[in-house]
Amino acid sequence: MTVNIDDFDRMFPDERACLTHVAHVRFGTDLRCPNCQARGLRRSMTRPKRLICSGCKRDYSIGQGTVFDHCRGSFRDLLYLMLILANSTAIISTSFVERHFGVSRMAAYRMLMLVRAHLAALASPTLRGGPGKNVHIDETWCSNIRGGGSGERNGLIVFGIIDEGGVNAQVISSRRREEVFPIILQSVRPGSLVITDQLATYASLCEHGYKHVALNHSRGQWANNSGQSSSMIESYWTSLKYFLRFANGSVQAPQFNLYLAEHVFKFNVSRSGRCAYAQMIAAFPASDRNSLPQTVDFSRH
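Residues numbered from 1 in each chain as written. Predicted model: local features only at pLDDT ≥ 70, side-chain atom pairs only at ≥ 80, totals over all residues. Heavy atoms only, no water.

(A) The environment of Leu 81, seen in detail. Residue placement: Leu 81 occurs in helix 3 (residues 75-86). Not counting chain neighbours up to four residues away, the residues in contact with Leu 81 comprise Val 97, Phe 101, Met 111, Leu 112 and Val 115. (Helix = DSSP H or I, 4+ residues; strand = E, 2+ residues; numbered from the N terminus. Contact = heavy atoms within 4.5 Å.)

Below is the structure:
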């Protein structure tokens, strides 16, 4: 199921409809005040992106506590940009947004980073596996990331955990046990059958309540005689690198987590069979604006 431009125009014919939708998602359809629990927050006559409580007199930003808090730009533009990202399998460039929305290059960059930070909040890590379930764990090198690595090795290491329900992925600085193991313990349920390569980092998984199958990738072993393979995680790496290929080496290391979050979100929604755009606008979770690259003043959008 997808949403097209005609659907979007029916859902959000103007800026007011967009603000009403975000307000209802954040504060409930009865617009309940978070402070005094009074119903019926009213919109400010002079500042349409703020809601005022008639009881305690407090006022709130429509995007209170989200990456869109104190956003000065058009919410309709942001919701429309989400639609474009939802329906695209490739990276949307700043140049495309600049041309498509008729905004400055910096404004286009801010819009993209805000939407990607929103997707990062939606794509929070999920516990994977469980007794009797397979979990695939691996790490890969993503090249052509500007500012990542050292010398000629411009890139970053991405660590992935995937099961039949979806994937968790994040950047790691090394493949050392002290960095990787805490992520596994927080993300994989005990009793899971964990399938990895033969990296020494994974050697003690059985000591932590997991069943472990190690495949010898250096000898071309991608599956064993029991049919256990690393195809699931390898398919994800292929999808991620295909997605990043469209950036043409323009992704910088400080931004990479947001690109990765966009891909993880869309990959997981696709596997679940749900509508990507419906999931993007169904929640506006609390998020720290400090997750955004710090080289740009995002309060201007």
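(B) Structural view of the side chain of His 118. Position of His 118 relative to the elements: it lies in helix 5 (residues 105-122). Setting aside chain neighbours within four positions, we find His 118 in contact with Val 67, Phe 68, Met 82, Met 280, Ala 283, Phe 284 and Pro 285.

(C) Molecular detail of the packing of aromatic side chains. In the structure shown here, the tally under the stated rule is nine aromatic pairs. Measuring from centroid to centroid gives 5.9 Å for Phe 27 and Tyr 60, while their planes differ by 50°, and the two rings are tilted. Taken together, the positions of Phe 27 in helix 2 (residues 15-27) and Tyr 60 in strand 3 (residues 59-61) put the pair 33 residues apart, joining distant regions of the chain. Of the residues examined, Phe 27 reaches a relative accessible area of 9% and is grouped as buried. Arg 177 extends its terminal NZ or CZ atom over the ring of Phe 181, reaching a point 4.0 Å from the ring centre. (Phe/Tyr/Trp six-rings, centres within 6.5 Å; stacked < 30°, edge-to-face > 60°. Buried < 20%, exposed > 50% of the residue type's maximum accessible area, 1.4 Å probe, protein only. Lys NZ or Arg CZ within 6 Å of the ring centre and 35° of its normal.)

(D) The arrangement of the state of the cysteines in detail. Applying the stated criterion across every chain yields a total of zero disulfides. Cysteine Cys 36 shares no disulfide, and the gap to the nearest cysteine sulfur, in Cys 53, comes to 3.5 Å. Overall, the relative accessible area of 35% leaves Cys 36 in the partly exposed class. (Disulfide = S-S within 2.5 Å.)

(E) Quick peek at the packing of helix 2 against helix 3. Where helix 2 contacts helix 3, the two axes come as close as 8 Å, and the packing angle between them is 75°. Here helix 2 is positioned roughly perpendicular relative to helix 3, judged by the angle of their axes. Side by side, helix 2 and helix 3 meet where Glu 15, Cys 18, Leu 19 and Val 22 of the first sit next to Phe 75, Arg 76 and Leu 79 of the second. (Axes fitted to C-alpha atoms, helices over the stretch in contact; angles between N-to-C directions. Parallel < 35°, antiparallel > 145°, perpendicular 65-115°, else oblique.)

(F) Representation of unusual backbone geometry. Phi angles above zero are rare outside glycine, and Gln 37 is one such case at about 65°. Turning to its location among the elements, Gln 37 is positioned in the loop between helix 2 and strand 1 (42-43). Located in the positive-phi region is Lys 57, a residue other than glycine, with phi close to 70°. Here Lys 57 lies in the loop between strand 2 (50-52) and strand 3.

(G) Representation of the environment of Ile 233 in the model. Relative to the assigned elements, Ile 233 resides in helix 7 (residues 231-245). Classification of Ile 233 as buried rests on a relative accessible area of 1%. Put simply, Ile 233 and Ser 44 are 189 residues apart on the chain and 50 Å apart in space, counted from C-alpha to C-alpha. Sequence-distant contacts of Ile 233, defined by excluding residues within four places in its chain, comprise His 136, Asp 138, Gly 160 and Ile 162.

(H) Structural detail: the sheet that holds strand 1. As summarised here, the arrangement of the three strands in space is 1-2-3, forming an open sheet in which the pairing is antiparallel. Each of the sheet's edge strands pairs with one partner strand only, and the pair in question is strand 1 and strand 3. Across three bridges, the pairing between strand 2 and strand 3 is antiparallel. The residue of strand 3 that forms the bridge with Leu 51 is Tyr 60. (Pairing = 2+ DSSP bridges.)

(I) Examining the pattern of salt bridges more closely. Taken as a whole, this structure holds twelve salt bridges when the rule is applied. The partner of Asp 30 in a salt bridge is Arg 39, and the shortest N-O contact between them spans 3.3 Å. A relative accessible area of 28% means that Asp 30 is categorised as partly exposed. Residue classification places Arg 39 among the exposed residues on the basis of a relative accessible area of 62%. Between Asp 59 and Arg 50 there is a salt bridge whose closest N-O contact spans 2.8 Å. (Salt bridge = Lys/Arg side-chain N within 4 Å of Asp/Glu carboxyl O.)

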